[in-house]
Amino acid sequence: MAAVTIDDSTNGRRALLTGWGRANSSAASVREVRAADLSTAIKDLPVRGGIARGLGRSYGDPAQNAGGHVLRLAPANEQVVIDDDAGTVTAGGGVGIDDLLALLVPRGWFVPVTPGTRFVTIGGAIASDIHGKNHHRDGSFGNHVVRLSLMVADGAVVELSPEPAPGNDHELFWATVGGMGLTGVIVDATVRLIPIETSRMSVETHRVGHLDEIMGRMADSDADFRYSVAWIDLLAKGRHLGRGVLTNGEHATRDQLGPTAAADPLAYDGRQLVAVPPIIPAPGLINRLSVAAFNEVWYRRARKGRHVGLESIPAYFHPLDLVGDWNRVYGRSGFLQYQFVVPFGAEPTLRTVIERISAAQLPIFLTVLKRFGAGNRGPISFPMGGWTLAIDVATDRDGLAPLLRSLDELVLAAGGRHYLAKDFHMTPADVRQGYPRLAEWQVVRDRVDPTGVWASDLSRRLRLTD
């Protein structure tokens, strides 16, 4: 079951929806609406309520609403206004980062934060408070939102900004940042941008032999690079536990380009190169043999010692986006992305988690290790100062559920938490332990939506709005 793309054939009809992990489907009435028609759509919501859906890249179930309505805010290029003097962009909630980059990069601007995919809408970026390789320096997406328009449960549109001011409901602003769409529909937002000289990235790569070294290098390089991420080999054990590849990046300057690239320094091409076939044999393409081979090639591909080179923006930030429908490689059963953060000082917990995953010898090739800076004021925003690890794993692996449960206990005991935009296995108790400000968020949410107009499979499963 694939994440449904909403088009004329599904508009207003019941459809089975999943997250990007292609698991845990549920049926809802899917409606694509223009911003001008949102208030009417809200009046037509059934008892099960409604939830906004962007491009379907949340891995779990936050953009599903079994038995209710799912609203897709129609994108429109005329909803994008770039203010070169202020260094901001104002865009409709349904506009994707992919669309923005095509407009911004040739003008010398870059989005302040991007996750590992550019197929995320502005509304989704705020609702999930997305983070990227630069969180240690720039924080998450919500940190860069200057203002936003939110349609709340009664159909009114309220203007919000982050700072306390007369007439501004700043508590609702921060409840919306990371609020998983449960405070209303983000109609549009104004976001600060990063100025760039070129569309290339200057990337420093290190092949690192074990976990302690990779964590040490990451801690030491925080102040030197805007972007930093590590891939680690979770099949490696013993003295090679946590071996991996660390990549640190900066936006390249004009004087770093060769003659050919310098002729058009802001050229940008985000086209996909290949696509995964729609039908994959039932077991999928991910198994221990294929992953072991991939991990060895990927590790050896990185040169020994320090290597500096130039990469395109898509190659550095969004390599998997170059492969259309790559989520199909896991087969029909789908997969989950398990992501958590533990605070600084809990490095032994992180090591124990990696040891347990390595001991299980699960076929995991997509592994991301990053360092977070301080969190923001969002009560249920995910990032906080510490280490975050994300892994993709097929849902049909033997022993997966008890393994993840054991990891949950470690993470929560260390003061960590899990990312709501990726989850579909947490319990209500887990959320309350990991997000101690949840009750504070619920007070704000109940104030603007006392009858539960906005609802999702996620909110019901985790009792977020109880």
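This write-up is about the structure you can find in this document.

### A word on the pairing of strand β4 (residues 69-73)
No. 1: Burial of β4 is extensive: 5 of the 5 residues sit out of reach of the surface.
No. 2: Neither face of β4 is left uncovered, since the one carrying His69, Leu71 and Leu73 and the one carrying Val70 and Arg72 both have all their residues buried.
No. 3: Across 5 bridges, strand β2 (residues 26-33) lies against β4 in parallel orientation. Its bridge partner lying in β4, valine 30 is registered against valine 70.
No. 4: When strand β3 (residues 50-52) meets β4, the two strands line up parallel, connected through 3 bridges. In the strand pairing of β4, isoleucine 51 is matched with valine 70.

### Re unusual backbone geometry
No. 1: The phi dihedral of arginine 22 falls on the positive side, at around 60°, and the residue is not glycine.
No. 2: With respect to the secondary-structure elements, arginine 22 resides in the loop between β1 (13-17) and β2.

### Points about helix α8 (residues 288-301)
No. 1: For α8, with 14 residues, the first-to-last C-alpha span of 20 Å sits near the 20 Å given by 1.5 Å per residue.
No. 2: Along α8, the positions that sit buried rather than exposed are Val291, Asn295 and Tyr299. For α8, the angular spread of buried residues about the axis comes to 60°, placing them on one side. In α8, the exposed residues that point more than 90 degrees away from the buried face are Leu289, Val297 and Arg301.
No. 3: Residue asparagine 287 occupies the N-cap position of α8, its side-chain oxygen lying 3.1 Å from the main-chain nitrogen of leucine 289.

### Observations regarding the environment of glycine 238
No. 1: Examined against the element boundaries, glycine 238 turns out to sit in the loop between β13 (227-232) and β14 (244-251).
No. 2: Along the backbone, glycine 238 and threonine 451 are 213 residues apart, and their C-alpha atoms lie at a distance of 55 Å.

### Observations concerning empty space enclosed by the protein
No. 1: Per the counting criterion, the structure on display carries 1 cavity of 30 Å³ or more.
No. 2: Empty space within the largest cavity amounts to approximately 70 Å³.
No. 3: Taken together, Leu336, Gln337, Tyr338, Gln339, His418, Tyr419, Lys422, Asp423, Phe424 and His425 make up the lining of the largest cavity.

### Quick notes on the packing of aromatic side chains
No. 1: According to the stated counting rule, one finds 15 aromatic pairs in the structure shown.
No. 2: Relative to tyrosine 316, the ring of tyrosine 227 lies with its centre 6.4 Å away and its plane at 75°, an arrangement referred to as edge-to-face. In this pair, tyrosine 227 is assigned in strand β13 and tyrosine 316 in helix α9 (residues 313-317), connecting sequence segments 89 residues apart. The exposure classification of tyrosine 227 matches that of tyrosine 316, with both residues buried.

Rules behind the numbers
Residues numbered from 1 in each chain as written. Predicted model: local features only at pLDDT ≥ 70, side-chain atom pairs only at ≥ 80, totals over all residues. Heavy atoms only, no water. Buried < 20%, exposed > 50% of the residue type's maximum accessible area, 1.4 Å probe, protein only. Helix = DSSP H or I, 4+ residues; strand = E, 2+ residues; numbered from the N terminus. Pairing = 2+ DSSP bridges. Expected span 1.5 Å × (residues − 1). Arc of directions from axis to C-beta. Polar contact = N/O pair within 3.5 Å; in protein donor to acceptor, adjacent residues only side chain to side chain. 1 Å grid on protein atoms, 1.4 Å probe; cavity = no way out; pocket = protein on both sides within 12 Å on 5 of 7 lines; lining within 4 Å. Points joined across faces, edges and corners; volume = space filled by probe spheres on them. Phe/Tyr/Trp six-rings, centres within 6.5 Å; stacked < 30°, edge-to-face > 60°.

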